[in-house]
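A closer look at the structure
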Amino acid sequence: EVVAVIMVGGPTKGTRFRPLSFNTPKPLFPLAGQPMVHHHISACRRIPNLARIFLIGFYEEREFTLYVSSISNELKVPVRYLKEDKPHGSAGGLYYFRDIIMEDSPSHIFLLNCDVCCSFPLPDMLQAHKKYGGMGTMLVIKVSAESANQFGELVADPTTKELLHYIEKPETFVSDLINCGVYIFTPEIFTAIQGVSTNREDRANLLHLSSIDGLQSVTRASFPTDFVRLDQDILSPLAGKKQLYTYETMDFWEQIKTPGMSLKCSALYLAQYQLNSPQLLASGDGTKSASIIGDVYVHPSAKVHPTAKIGPNVSISANVRVGAGVRLISCIILDDVEIQENAVVMHSIIGWKSSLGRWSRVQADGDYNSKLGITILGEAVTVEDEVVVTNCIVLPNKIINGSVQEEIIL
Ligand code: GDD
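Here we summarise the structure given alongside this text. (Residues numbered from 1 in each chain as written. Predicted model: local features only at pLDDT ≥ 70, side-chain atom pairs only at ≥ 80, totals over all residues. Heavy atoms only, no water.)

1. So, helix α5 (residues 122–132)
In plain terms, the rule: Only protein chains enter the accessibility calculation, which uses a 1.4 Å probe; a residue is then buried when its area is under 20% of its type maximum, exposed when over 50%, and partly exposed in between. By definition, any uninterrupted DSSP run of H or I lasting at least four residues is a helix, any uninterrupted run of E lasting at least two residues is a strand, and each is numbered from the N terminus. The arc in question is the one spanned by the directions pointing from the helix axis to the C-beta atoms. In what follows, residue pairs with any heavy atoms lying within 4.5 Å of each other are defined as contacts.
Listing the buried residues of α5 in full gives Leu122, Met125, Leu126, Ala128, His129 and Tyr132. Seen along its axis, α5 keeps its buried residues to an arc of 165°; they face one direction. Along α5, the residues that are exposed and aim more than 90 degrees away from the buried face are Gln127, Lys130 and Lys131. On its buried face, α5 is in contact with α1 (36–44), β6 (108–113), β8 (136–142), β11 (177–185) and β12 (244–248). Backbone geometry just after α5 places Gly133 at a positive phi near 80°.

Encoded structure:
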């Protein structure tokens, strides 16, 4: 049997996701109409002999209760949220719940970062891993040399695919091959994590024995024994020891740290629906439906006027109302938003319960990597008639009654 673990992190990690993380934990923010983590869970379903899926994080339990129970019923695979009492790091969190994870004695454990977007070729990774042997196989991808330093950079043997060298976010360029944050391990991983903790305890005890009290507290503070990072503490030291192997994906992969990237990733998942779930895409057939351009998701409860023109890369959530003559391009419209006649939304995310007036425009230049490259309206923002909002971040509950540009409206 195989189990999958998805590391969802917690509220402190979501600060770059403001103001969207105010009322939804980032893992449940919708991309292409489905919660971020849903794309991981659907991919896990394709793993043969998958027994269970665990989400590990330090968000409040209640934030995940509803989603976890509905997805378990829908997919007929038990999905469970496990809450850490405090952050233990990406490997420490896994280790903290080792007894629960090992309950059914799985032969393999998939480990997925929640904040990545990819096609998750998990069955292929499992096959490759069985061929390589060793303790684990990680998904890797080639990126541009300029962007590689935001990730773990690595060197792999071109023939055996063994991981030879691994450095987390190095200051000087090492390699354009990077860690995708998607792994498969044998249960040996727990011994490796245990080893890191034991080492730290020994070091702390040694310092204690030599009674250098000041130094000891410094060491304890910077390396608590139960905080273990997968990358620095496990991957780096185990590289080149015939324990870890790499599987390179040629498909899409992105990391989702900012709202701008969520718009880009929404487009990638919508494009993937063309292949895997075309029934989720709006068709625009029939005289009573709006004109649809490219890949668009519309929640069944949304009401879209037949004279609206929508797409490409648009996701419309539950209970949204879109008026006559509205134009939507590259945007995410969250639950209960109202968009009145002839409004235009472009390269923007419109927060829950917001309202856009007649002939208003909410827009941006669409540079996903720059801070104000997309416009974001927080929850319950009102944009009045004919007002133009360009390249702005607007915090919840604001009323915008005059045009604004390149501003963070607090
Ligand atoms: N449950 C839990 N507890 N999850 C955590 C914790 C923790 O204490 N710390 C981090 N995570 C989760 C995050 O939510 C994220 O999904 C994943 O673990 C990795 O987060 P970080 O450790 O902050 O690393 P990163 O995202 O900056 O970089 C990692 O992922 C990149 C791929 O996206 C590294 O492994 C990079 O090498 C890699 O390229």
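On we go from here.
2. Examining the layout of surface pockets
What counts, and what does not: Lining residues are those with an atom within 4 Å of a point, where the points come from a 1 Å grid over the protein atoms alone and group into cavities, where a 1.4 Å probe fits but cannot get out, or pockets, open sets with protein on both sides within 12 Å along at least five of seven lines. Grid points are joined across faces, edges and corners, and a volume is the space filled by probe spheres set on the points. When residue character is reported, Ala, Val, Leu, Ile, Met, Phe, Trp, Tyr, Cys and Pro are called nonpolar, Asp, Glu, Lys and Arg charged, and the others, Gly included, polar.
By volume, the second largest pocket amounts to about 780 Å³. Around the second largest pocket, the lining comprises 30 residues; the ones closest to its centre are Lys257, Thr258, Met261, Tyr368 and Asn369. Secondary-structure elements contributing two or more residues to the lining of the second largest pocket are β13 (253–255) and α9 (259–276). Ranked by the residues each element gives to the lining of the second largest pocket, the list is headed by α9, at four residues. Of the residues belonging to the lining of the second largest pocket, the class tally is 14 nonpolar, nine polar and seven charged.

3. Things to note about the packing of aromatic side chains
Heads up, the rule is: Each aromatic pair joins two rings of Phe, Tyr and Trp (for Trp, the six-membered one) with centres within 6.5 Å, and gets the label stacked for planes under 30 degrees apart, edge-to-face for over 60, and tilted for any other angle. Over a ring means this: the NZ of a Lys or the CZ of an Arg is within 6 Å of the ring centre and within 35 degrees of the ring normal.
Per the stated rule, a full pass over the model turns up nine aromatic pairs. An angle of 85° between the planes, with centres 5.5 Å apart, marks the rings of Phe17 and Phe29 as edge-to-face. Of the two residues, Phe17 is situated in the loop between β1 (2–9) and β2 (30–31) and Phe29 in the loop between β1 and β2; the sequence distance between them amounts to 12 residues. No difference in accessibility class separates Phe17 from Phe29, as the two residues are buried. The ring of Tyr95 has Arg98 lying over it, and the distance from NZ or CZ to the ring centre is 3.9 Å.

4. So, the site of the ligand
Definition in use: Here a residue counts as near a molecule or strand whenever at least one of its heavy atoms sits within 4 Å of it. Here a polar contact means two N or O atoms within 3.5 Å. Within protein one must be a hydrogen donor candidate and the other an acceptor candidate, and residues neighboring in sequence count only if both atoms are side-chain atoms. Each accessible area is a Shrake-Rupley estimate made with a 1.4 Å probe; only the visible protein chains count as cover when residues are assessed.
With respect to spatial proximity, 29 residues lie near the ligand, and among them Glu84, Gly89, Glu168, Asn179 and Lys257 are the closest. Within the side chain of Asp231, one N or O atom sits 2.9 Å away from an oxygen atom of the ligand. Burial of the ligand by the protein amounts to 92% of the accessible area it has alone, namely 730 Å². Put simply, the parts of the chain that give the shell around the ligand at least two residues each are β1, β4 (50–57), α3 (89–96), β10 (163–168), β11 and β13.

5. Digging into unusual backbone geometry
The linkage connecting Arg18 with the following residue, Pro19, adopts the cis geometry, with an omega of 0°. Considering the arrangement of structural elements, one finds Pro19 in the loop between β1 and β2. Residue Pro312 is reached from Gly311 by a cis peptide bond, and omega for that bond is -5°. Residues other than glycine seldom take positive phi values, yet His347 does so here, at roughly 50°. When you line up the elements, His347 lands in strand β22 (residues 344–350). Here the phi dihedral of Asn397 falls at roughly 65°; this positive angle occurs in a residue that is not glycine. The residue Asn397 is located in the loop between β28 (393–394) and β29 (399–400) in this model.

6. What about the sheet that holds strand β21 (residues 338–339)?
Note the threshold: Being paired, for any two strands, means DSSP has found at least two bridges between them.
Pairing is parallel in the open sheet, where six strands are placed in the order β16-β19-β21-β23-β26-β29. Both edges of this open sheet fall to β16 (303–304) and β29, since each of them pairs with a single strand only. For β16 and strand β19 (residues 321–322), the ladder comprises two bridges, and the chain directions are parallel. Note that in β19 the partner of Lys303 across the bridge is Arg321.

7. Quick look at the packing of α1 against helix α2 (residues 61–75)
Test applied: Between the N-to-C directions of two axes lies an angle of 0 to 180 degrees, each axis being a line fitted to C-alpha atoms and, for a helix, fitted only over the stretch in contact. An angle counts as roughly parallel when it lies under 35 degrees, as roughly antiparallel when it exceeds 145, as roughly perpendicular when it falls between 65 and 115, and as oblique in every other case. Each helix crossing is assigned a hand: it is left-handed if the near helix lies turned anticlockwise from the far helix by less than a right angle, otherwise right-handed if that turn is clockwise.
Direction vectors running N to C along α1 and α2 enclose 30°, while the axes themselves pass 12 Å from each other. Taken together, the axes of α1 and α2 are roughly parallel relative to one another. Considering the relative orientation of α1 and α2, their crossing is right-handed. Seen from α1, the contacting residues are Val37, His38 and Ile41; seen from α2, they are Tyr67, Ile71, Glu74 and Leu75. Of the residues that constitute the contact of α1 with α2, the class distribution is five nonpolar, one polar and one charged.

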